[in-house]
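# An overview of the molecular structure
Spelled out, the chains give:
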Amino acid sequence: MALRKLPEYLKIGVATAAYQIEGAWNVADKSKSIWDVTSHQPGAIEDGTTGDDACKSYYFYKRDIQMLKFLGVDFYRFSVSWPRLFPNGFVNTLSQVGLEYYNNLINELIENKIEPVVTLYHWDLPQSLQDLGGWANPLIVEWFEDYSRAVYKLFGDRVKLWITINEPRQIGLSGYGDNRFAPRINAHGIGEYIVAKNIVLAHARAWHVYDEEFRKNQRGICGITIATEYCQGATDSPQDIETSLDCLEFEVGLYAHPIFSKDGGFPEVVKRRVALKSTEQGYPRSRLPEFTQEEIQYVRGTSDFYGFNHYSTYFLTRKWYTPEVVPSQADDIGARQVDLEYEMGATTQSKIIPEGIRKALNWVKNKYDNPEVMIFENGFNTYGGLMDLNRITYYRKYLNAILDAIDIDGCNITRYTAWSLMDNFEWNCGLQLKFGLFEVDYEDENKQRIAKLSALWFKHLITTRSLHYDHIPEYKEIIF
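Residues numbered from 1 in each chain as written. Predicted model: local features only at pLDDT ≥ 70, side-chain atom pairs only at ≥ 80, totals over all residues. Heavy atoms only, no water.

## Here's the deal with the layout of surface pockets
- Roughly 1100 Å³ of internal volume is contained in the largest pocket.
- Lining the largest pocket we find 43 residues, and of these Arg 169, Leu 173, Ser 174, Arg 180 and Tyr 314 sit closest to its centre.
- Examining the composition of the lining of the largest pocket, we find that four residues originate from one element, helix α8 (residues 168-175), more than from any other.
- Roughly 200 Å³ of internal volume is contained in the second largest pocket.
- Together, 14 residues line the second largest pocket, and Gly 264, Gly 265, Phe 266, Glu 268 and Lys 271 are the ones closest to its centre.
- Those elements that place two or more of their residues in the lining of the second largest pocket are α11 (238-260) and α12 (268-280).
- No other element matches the three residues that α12 contributes to the lining of the second largest pocket.
- Within the lining of the second largest pocket, the residues separate by chemical class into five nonpolar, three polar and six charged. (1 Å grid on protein atoms, 1.4 Å probe; cavity = no way out; pocket = protein on both sides within 12 Å on 5 of 7 lines; lining within 4 Å. Points joined across faces, edges and corners; volume = space filled by probe spheres on them. Helix = DSSP H or I, 4+ residues; strand = E, 2+ residues; numbered from the N terminus. Nonpolar A, V, L, I, M, F, W, Y, C, P; charged D, E, K, R; others polar.)

Spelled out as structure tokens, the structure:
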């Protein structure tokens, strides 16, 4: 088979996030986010760079939209910077400069017939709120409610698809349970679980606000996006199969189960394993907070779709695992990761294992009664280069697996989003790690964007609405 047609209903887009592309970190009345603070801490970012300028999309958003037009995408997923819009973190002070920027961006997208898909929170919490505890403070549920309501009011007349929170696992585990991501709290085994509950409740509050106050007039939809990497046993032994299923509940179900399952609350295996470990470690109660029955009912069903991010698959085993004295989520799972040989990009996050995304999509389908799935991130990292054939290989194989999930397995997938439109500030890895369809010249004052081979391939995919297995475009330099 030389080609495979995309379903007519499948919308194709690309994604970015505010801190990763906007730059202009201290322009006008914008306040610092936790990533502004973290990126200036010595040793926090692998290559010593910051997001101070990034791609300068704050200034060059019209160029970004021309890139989107060149690709021919149906939609553009981007995020709103909370501290750019509300500099003190609370909604009593609105930045007119920030408001003008997002109005201009949204209006320009619509004028160019590109649907704006907006993420309310993509990791850049105002530092002023972090100083009050951030996502570990239960009051953030109210702060996020106020913020979401204000943003719906400002832009909901034009924005019809909202993502409340992007990847709660990475926020909680890497930012509070570890020190990889801002705010680098490193309260492992405790911080990630406190944050998991607060994020789920904050999301639910934001969804209820939209459902009760805005849906009727604005006629949009609202949901959450969850990192759904696949966890697989390193072998086919019953123990490793059990390990993989347990891992999925900790890595994904911790956030998805309260929202998408019929029962609600945290997954049973997570509750059981954390409680057991907590007792062994001498804690008077489980390190995992409990939901009240009222909270369980309040959270269940609070997403109009399953926002699905996926990059690769991880292999685990309980064989050779040695329990740790210090609590952590990894120790609660009780397994070690095994490195199996696969073609990969710059990091293990980009191992090419396309069967993993199909398995992950089927896990969501079977676990949560086949919800509508919108894939909002999928991509491949390198350390640079315009002739990125390996990125094309990744996209071709993963899209083929996604089409298998649709055509053969009956998964209800309605959107596919490539990460990312262009190279950007890749969190703790800095500017060195490249996910973009367009290369960014960071040495250039105007941050010139150059189409990679993958951008030409992606344009052909959208133009033909077909996955051509053998198509490699002829490269020509296109600069924005």
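## Notes on the nonpolar core
- Grouped together as the largest cluster of nonpolar side chains are 150 residues, with contacts concentrated most on Trp 135, Phe 438 and Phe 458.
- In terms of residue count, helix α9 (residues 191-213) provides more of this core than any other element does, 12 residues in total.
- Once you skip the residues sitting within four places of it in the chain, Trp 135 turns out to touch Tyr 121, Leu 125, Gln 130, Ile 140, Phe 144, Ile 165, Ile 171, Tyr 176, Val 195, Asn 198, Ile 199 and Ala 202.
- Judged by nonpolar contacts, the second largest core, of seven residues, contains Leu 161, Phe 305, Met 374 and Phe 376. (Core = buried A, V, L, I, M, F, W, Y, C linked by side-chain atoms within 4.5 Å. Buried < 20%, exposed > 50% of the residue type's maximum accessible area, 1.4 Å probe, protein only. Contact = heavy atoms within 4.5 Å.)

## Some details on the pattern of salt bridges
- Inspection of the entire model under this criterion finds 30 salt bridges.
- One salt bridge in this structure joins Lys 351 and Asp 339, with 2.3 Å as the shortest N-O distance. Of this pair, Lys 351 sits in the loop between β10 (336-338) and α15 (354-367) while Asp 339 sits in the loop between β10 and α15, and the two are 12 residues apart along the sequence.
- Owing to a relative accessible area of 55%, Asp 339 belongs among the exposed residues under this scheme.
- Salt-bridge contacts for Arg 358 lead to Asp 404; the nearest nitrogen and oxygen are separated by 3.7 Å. Of this pair, Arg 358 sits in helix α15 while Asp 404 sits in helix α16 (residues 389-407), and the two are 46 residues apart along the sequence.
- Judged by its relative accessible area of 25%, Arg 358 falls in the partly exposed class.
- Residues participating in the shared-partner salt-bridge network are Arg 4, Arg 358, Asp 404, Asp 407 and Asp 409. (Salt bridge = Lys/Arg side-chain N within 4 Å of Asp/Glu carboxyl O.)

## A closer look at the packing of α8 against α9
- Closest axis-to-axis distance for the α8/α9 pair is 8 Å, and the angle between their directions is 155°. In terms of orientation, α8 lies roughly antiparallel with respect to α9. Relative to α9, the crossing made by α8 is right-handed. Contact residues: Pro 168, Ile 171, Gly 172 and Leu 173 in α8; Glu 192, Val 195 and Ile 199 in α9. (Axes fitted to C-alpha atoms, helices over the stretch in contact; angles between N-to-C directions. Parallel < 35°, antiparallel > 145°, perpendicular 65-115°, else oblique. Left-handed = near helix turned anticlockwise from the far one by under 90°.)

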